[in-house]
2 protein chains.
Amino acid sequence: MRNFEYWNPTRLFFGRGETDRVGQECRKYGERVLLAYGGGSIKKTGLYDRIVRCLQEAGCSVTELSGIQPNPRISKVREGVEICRKEKVDVVLAVGGGSVLDAAKIIAAGVLYEGDPWDFFTGKGTIKGKIPLGTVLTLAATGSEMNRNAVITNEETKEKLVIKNPHLFPDFSILDPENILTVPREHAVYGIVDMIAHVFEQYFHPVPETPLQDRLAESIMKTIIEYAPKALDNTADSHAWETIMWCSTLANNHLLEAGVSADWGTHRMELELSGVYDIPHGAGLAILFPQWMEYVLPLIPKKFAQFAERVWDIPRGNRSDEDLGKAGIERTRQWFREIGAPTRLREVGIGEERLEEMAERVAKRGPIGSVKVLTKEDILTIYRRSL
Amino acid sequence: MRNFEYWNPTRLFFGRGETDRVGQECRKYGERVLLAYGGGSIKKTGLYDRIVRCLQEAGCSVTELSGIQPNPRISKVREGVEICRKEKVDVVLAVGGGSVLDAAKIIAAGVLYEGDPWDFFTGKGTIKGKIPLGTVLTLAATGSEMNRNAVITNEETKEKLVIKNPHLFPDFSILDPENILTVPREHAVYGIVDMIAHVFEQYFHPVPETPLQDRLAESIMKTIIEYAPKALDNTADSHAWETIMWCSTLANNHLLEAGVSADWGTHRMELELSGVYDIPHGAGLAILFPQWMEYVLPLIPKKFAQFAERVWDIPRGNRSDEDLGKAGIERTRQWFREIGAPTRLREVGIGEERLEEMAERVAKRGPIGSVKVLTKEDILTIYRRSL
C-alpha cells in the first residue's frame, strides 16, 4: 500500500424523494441560484418544475444556464461565469449528469478567478476557491457528484482535458434514484461502462499488498455486473437503479484510489477520442479498455487472474495466471457487448485516419499510465487494435 | 436500501512516516495545543518525544493532559476542558487509541459548552460545536479517528454511554502503521474484535436489497480475517498492520451504515458490561456477539447463510439457511478463540450476580437493536447464555 491523503467533504442526500430538499439546501448558501442544466430533458420529466418550485418556496431567486451538452465546452463555462458575475449568484445548482456537473464545477471556480477558466486546464492558472455548488444527479456515470474532478472540452483546440482540485468537491449532492429512471437506454449503458471503467482504472495497478482496496473494488464491480442488466431491462426498477447509483458514486469518489497508484491511462486515451470525434465517453471506454487490458496483461498477470476468478467467477482449472486473466478480459468484452456497448472503433465510425496524430498528442501530455507508462507507440498500437 | 445522508469531513493522512506532519497540521488551526494521551506508553516508544518535537518545530506551544484510561471517564474530560479554558488552547491533539480520541472529542466539544459535558450523554445538553481536533492513532479498533461517535464512562453512576454528533468528526487524523506496531498483543486482539464487531453491527440488519453494502462489509470482514493472524503473529509486519488499520477505519466511518438500518444492540449490551465491570470492550464483544447472532438467526436466516458462504467460505451442501448460518456463527466463535479472545463471561470473571440489573438498565435506555428490538428478557437471555 502507498501512503495517501484522503479527504472528501461532499454531503450526500441519497434516496427516493430527496430531491425536495434542494431548496432548503441551496438556501443555506445564499439566495441567488444559478440553475445549470443540459438539453431540456428535465423539462419533459417534470424535474425542472419541481426544482424551480422548491427553490422558490425556499426563498431563492433563479437564473438559468441551459444547453450544457455532453462533452461540455469551455465556451459554455465562460458564459456561466459571466452570468454568475452579472447576477451576483450565490450558489450554483447543477441538475444533470457528469457533463452538467463538471461544467458547473468550473463555473463555480471560474467566478473567483480573474483570467479565462481554460487556464485551469493548461496550467496557466490555478483554482484557489469556488462559490458554493450543489448538484442533483440525473445520470449515474462519472462520480462527479462526490469527487474533485472535472472534464471540459475546448472546442477550438479539440482538446478534452481533466483536472483534479480539492476545491472541486460539490458542497452537497442529491442522489435521488427516481431522477435517473427516465434516462434513455443508450445513455444508461454508457454510464454503466463509465462507472465500471473507473473501477478498472483503480484496480489494475502495480502496487503490491492492497488487499482491502482490491476487495472493495471487486465488490463494486460484482454489484454493477449483477445489477446493470436488471436496471437496463426494467427502467422502472428503482431498487436496481439505486444500487447502480450508489456503485457509481463509490466507484469514483477517491476511496478506491486510496493507497494504490491508479492507472487512468485508458481514460486519457479515451478523452482524446471523444474530444476529437465527439463520441460518448462510455462508448470509447468500452472499445479501448479490453485492448488496454490485453496489452498490459503480461505485466500484472496475477491481478488479471484474480479479476477473472473473483469478479467473473471463472474457475482456474489448470490455467496459468496469464491464460486465466485473458479469459477474464474476454468475458469483460463480451459483457460490454451484452449490455449494448460497442467494442470496435469502426462501430462508432472511427477509422485509421487520425490515430497517429491522436496518439502523439496523448503521449505528449503524458506521462500516462501506472501499470505501464504508455509511449506514443504503445498508444497507437492500442488504438489500432481497437479498430 | 433506505434513504441516507452521508457526510464525513475528516482529513486522513495514512502511511508510514506521516506522523511527522503533526506539527504543520496542528499549526493550521492555531498555536496552543493540548496534547492528550493515555498511560504513558507513547513515552516508552519515543512517539511522545517525536510529536512534541514536531509541534515545537512548527511553532506550537504544548500543554498536556495525560492519564486518559481505557473506558475513559467523564472526570478526565472535565479536567481537560478546564485546562483548555485556562490555557486558551486552540487545538486538541489526541495521541492514542479510541479511549483517548473519544475523551478528546468531548473535551473539544465541552470547551464550547457552558454546562457539564456529561449533559451531552444524558440529553440535558447538546453539542453545538467544538474547537479543532487532530488525532494520531496508536491502536486500530474503534474507528473514532474518522467518525462522529464518542463513548465515555461516568464512574460515579457506572454508566458507559455513546453519543453521535456531526461536530465530533476529527478535523484530521494521522494513521501511521508504525505507531501501532508496539501495541501489546492483548490490546491488539481486542482491537481486532472491536473492528470486526463494527462490521457485524452494520451487516446484520433487516433492510432488504442492500447488495453493495453487503459486499463492502464482506470485503472488510474477509480482509480482517485474512490479515489479523498475520499481524498478530508478526507484530513487525507493517504491511499486515497497515491493512488492519485501514480496515478498522472503514469499518466504522459511517460508510457501511449508509442505506441500512444498523443494529448496534450488541454494542449497547457490551457497553453496560464494560461500564460495570471495566473489562476490555473487545473482550465483551467477543463473548456477546456469537450469542446475539444465534438469538436472532431465525429472524434473518438468509443473511446468516450469506455470511457463512461469502465470509467464511463454508459450502452450503444441502443445508437450510438456518443450519448454514449456524455453522458461520460457530466458525466466528472459533475464530475469536483462535486469535485469543474470550467467548464466555466466566473467562473474564463475570458471574450471574448483576446480569438482571444490567439487562434492566440497557432495556430502559432502549429501544435497542434493529434485527430485533431487544426487551429486558431478550437481553437477560443473551447475557445468561454468555456465562
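Residues numbered from 1 in each chain as written. Chains lettered and ligands numbered in written order. Predicted model: local features only at pLDDT ≥ 70, side-chain atom pairs only at ≥ 80, totals over all residues.

1. Brief notes about the packing of helix H7 (residues 185-203) of chain A against helix H8 (residues 211-233) of chain A
All names here are of chain A. Following both chains from N to C, one finds H7 and H8 inclined at 170°, their axes separated by 10 Å at the closest point. Considering their axes alone, H7 and H8 lie roughly antiparallel with respect to each other. Note on packing geometry: the crossing formed by H7 with H8 is left-handed. Residue-level contacts link Arg 185, Ala 188, Val 189, Ile 192, Met 195, Ile 196, Val 199, Gln 202 and Tyr 203 of H7 to Asp 214, Ala 217, Ile 220, Met 221, Ile 224, Ala 228 and Leu 232 of H8. Split into classes, the residues belonging to the contact of H7 with H8 amount to 13 nonpolar, one polar and two charged. (Axes fitted to C-alpha atoms, helices over the stretch in contact; angles between N-to-C directions. Helix = DSSP H or I, 4+ residues; strand = E, 2+ residues; numbered from the N terminus. Parallel < 35°, antiparallel > 145°, perpendicular 65-115°, else oblique. Left-handed = near helix turned anticlockwise from the far one by under 90°. Contact = placed C-beta atoms within 7 Å. Nonpolar A, V, L, I, M, F, W, Y, C, P; charged D, E, K, R; others polar.)

2. A short note on the domain arrangement of chain A
All names here are of chain A. As assigned here, chain A comprises domain 1 (11-180) and domain 2 (185-385). Each of domain 1 and domain 2 has a C-alpha centre, and the two are 27 Å apart. In this assembly, 23 residues from domain 1 lie in contact with 23 residues from domain 2. Within the residue set of the side of domain 1 that touches domain 2, elements represented by two or more residues are strand S6 (149-154) and strand S7 (159-164). The dominant element in the side of domain 1 that touches domain 2, judged by the number of residues it contributes, is S7, at four residues. Residues of the side of domain 1 that touches domain 2, tallied by class, amount to 12 nonpolar, five polar and six charged. (Domains from an automatic or database assignment.)

3. A few points about the interface of chain A and chain B
Each side of the interface is counted separately: chain A has 33 residues, and chain B has 33 residues. Those elements that provide at least two residues to the side of chain A that touches chain B are strand S1 (4-14), H8 and helix H9 (238-251) of chain A. Split by residue class, the side of chain A that touches chain B holds 15 nonpolar, eight polar and 10 charged. Sheet analysis places S1 of chain A next to strand S1 (residues 4-14) of chain B, joined by seven bridges and oriented antiparallel. (Pairing = 2+ DSSP bridges.)

4. Regarding the packing of H7 of chain A against helix H11 (residues 281-296) of chain A
Residue and element names in this part refer to chain A. Following both chains from N to C, one finds H7 and H11 inclined at 50°, their axes separated by 8 Å at the closest point. Taken together, H7 and H11 sit at an angle that is classed as oblique. For the pair H7 and H11, the crossing hand works out as left-handed. Taking contact as the criterion, the partners of Val 189, Tyr 190, Gly 191, Val 193, Asp 194, Ala 197 and Phe 200 in H7 are, on H11, His 281, Gly 282, Ala 283, Leu 285, Ala 286 and Phe 289. A breakdown of the residues in the contact of H7 with H11 according to their chemical character gives nine nonpolar, three polar and one charged.

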